[in-house]
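Okay, here's what each chain looks like letter by letter:
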Amino acid sequence: MAVTDAAITRIKEMILGGELSPGDRLPPEKELSERLGLSRSSLREAVKALELIRVLDVRRGDGTYVTSLEPHLLTEAMSFVVELHQDSSILELLEVRRILEPSAAGLAAQRRSEEHLARLEESVHAVTADTDIQELVTHDLLFHSIIAEAAGNAYLGTLLEALSSNTVRARIWRGLTQDHAVQRTLDEHQAILSAIRSGDTELAKALVTAHVSGVETWLKQSTAG
């Protein structure tokens with residue numbers, strides 16, 4: 001592993017140093033291994049590892065390329081790790097959401113477009129008293145994803161997407177065991193939307209903090225029982 005790690009480090013240095021840019025094709029394996037002073041087997045293992053985390057793209061019969069290195073690609077590995085976590089870690093994931101989501105809402109209040117506002121409005125209006133819990137969870141995910149998009153920070157958005165997918169189960173549990181879950185969620189979302197529409201950064205952050213904390217507090221109480 002130490003030799004493979006060294007190979008990974010050397011390839012990373014080539015990207016950071018500008019020798020390789022997004023979309024570039026790596027030199028042939030023999031040439032690259034000689035240039036880096038590494039065995040072809042260790043280089044091969046390094047390429048496999050970097051392909052797994054979407055830094056490299058191995059195209060059979062064509063060669064190995066540096067990916068676009070876009071945020072949504074580079075955070076896919078984190079999403080995979082998060083999905084492996086069991087129920088015991090959901091509280092920690094919610095805690096991270098409580099830290100990040102208010103920041104996204106604050107940025108959205110500053111940067112949102114009319115299109116973002118329209119989509120948020122449409123999302124809220126799609127929820128009625130007859131909305132079931134699964135549909136409510138789907139709405140909640142969409143609502144927060146639009147806010148993350150409106151924040152204009154691709155890394156923040158992809159991090160939140162990875163974290164939110166694993167908290168779906170907690171949201172469903174809450175909806176199944178608490179009365180008026182639909183109306184409560186709708187009221188909270190309408191208040192958040194109003195703050196974002198008016199450009200009130202601090203209010204948007206405070207409302208989202210309370211919104212995420214509600215699920216977190218309920219889950220702590222339910223697991224303690």
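No experiment lies behind these values; they were computed from the predicted model shown.

### Quick look at the environment of alanine 118
Locating alanine 118 in the fold gives a position in helix H7 (residues 114-125). Along the sequence, alanine 118 and glutamate 95 sit 23 residues apart, while their C-alpha atoms lie 29 Å from each other.

### Structural notes on the packing of helix H8 (residues 133-151) against helix H11 (residues 181-197)
Packed helix pairs are specified by the crossing angle of their axes together with the interaxial distance, meaning the distance between the axes. Close contact between H8 and H11 brings their axes to 11 Å; oriented N to C, the two are set at 15°. Classed by the angle they form, the pair H8 and H11 counts as roughly parallel. Crossing handedness for the pair H8 and H11: left-handed. Here Leu136, His139, Asp140, Phe143, His144 and Ile147 of H8 lie close against H11, whose contacting residues are Ala181, Val182, Thr185, His189, Ile192, Leu193 and Ile196. Class assignment of the residues belonging to the contact of H8 with H11 gives a composition of 8 nonpolar, 4 polar and 1 charged.

### Re the side chain of threonine 131
Structurally, threonine 131 is set in the loop between H7 and H8. Not counting residues up to four positions away in its chain, the partners in contact with threonine 131 are Ala126, Leu136 and Val182.

### Quick look at helix H2 (residues 29-36)
Of the residues making up H2, those classed as buried are Leu32, Ser33 and Leu36. Down the axis of H2, the buried side of the element spans an arc of 100°, and every buried residue falls inside it. Buried residues in H2 make contact with helix H1 (2-16) and helix H3 (40-52). Trailing H2 by a residue or two, glycine 37 shows a phi angle of about 70°, which is positive.

### Description of the packing of H2 against H3
Between H2 and H3, whose axes approach to 9 Å, the crossing angle comes to 105°. The pairing of H2 with H3 is recorded here as roughly perpendicular in orientation. Where H2 abuts H3, its residues Glu29, Lys30, Leu32, Ser33 and Leu36 lie against Arg40, Leu43 and Arg44. The residue inventory of the contact of H2 with H3, partitioned by class, reads 3 nonpolar, 1 polar and 4 charged.

### Structural notes on the pairing of strand S2 (residues 63-66)
What you see with S2 is no split at all: Gly63 and Tyr65 on one side and Thr64 and Val66 on the other are buried throughout. Here strand S1 (residues 56-59) pairs with S2 via 4 bridges, running antiparallel. Among the inter-strand pairings, arginine 59 is bridged to a residue of S2, identified as glycine 63. Here S1 folds back onto S2, and the loop between the two strands holds 3 residues, one of which, glycine 61, carries a positive phi near 80°.

What counts, and where the lines are drawn
- Residues numbered from 1 in each chain as written.
- Predicted model: local features only at pLDDT ≥ 70, side-chain atom pairs only at ≥ 80, totals over all residues.
- Heavy atoms only, no water.
- Helix = DSSP H or I, 4+ residues; strand = E, 2+ residues; numbered from the N terminus.
- Axes fitted to C-alpha atoms, helices over the stretch in contact; angles between N-to-C directions.
- Parallel < 35°, antiparallel > 145°, perpendicular 65-115°, else oblique.
- Left-handed = near helix turned anticlockwise from the far one by under 90°.
- Contact = heavy atoms within 4.5 Å.
- Nonpolar A, V, L, I, M, F, W, Y, C, P; charged D, E, K, R; others polar.
- Buried < 20%, exposed > 50% of the residue type's maximum accessible area, 1.4 Å probe, protein only.
- Arc of directions from axis to C-beta.
- Pairing = 2+ DSSP bridges.

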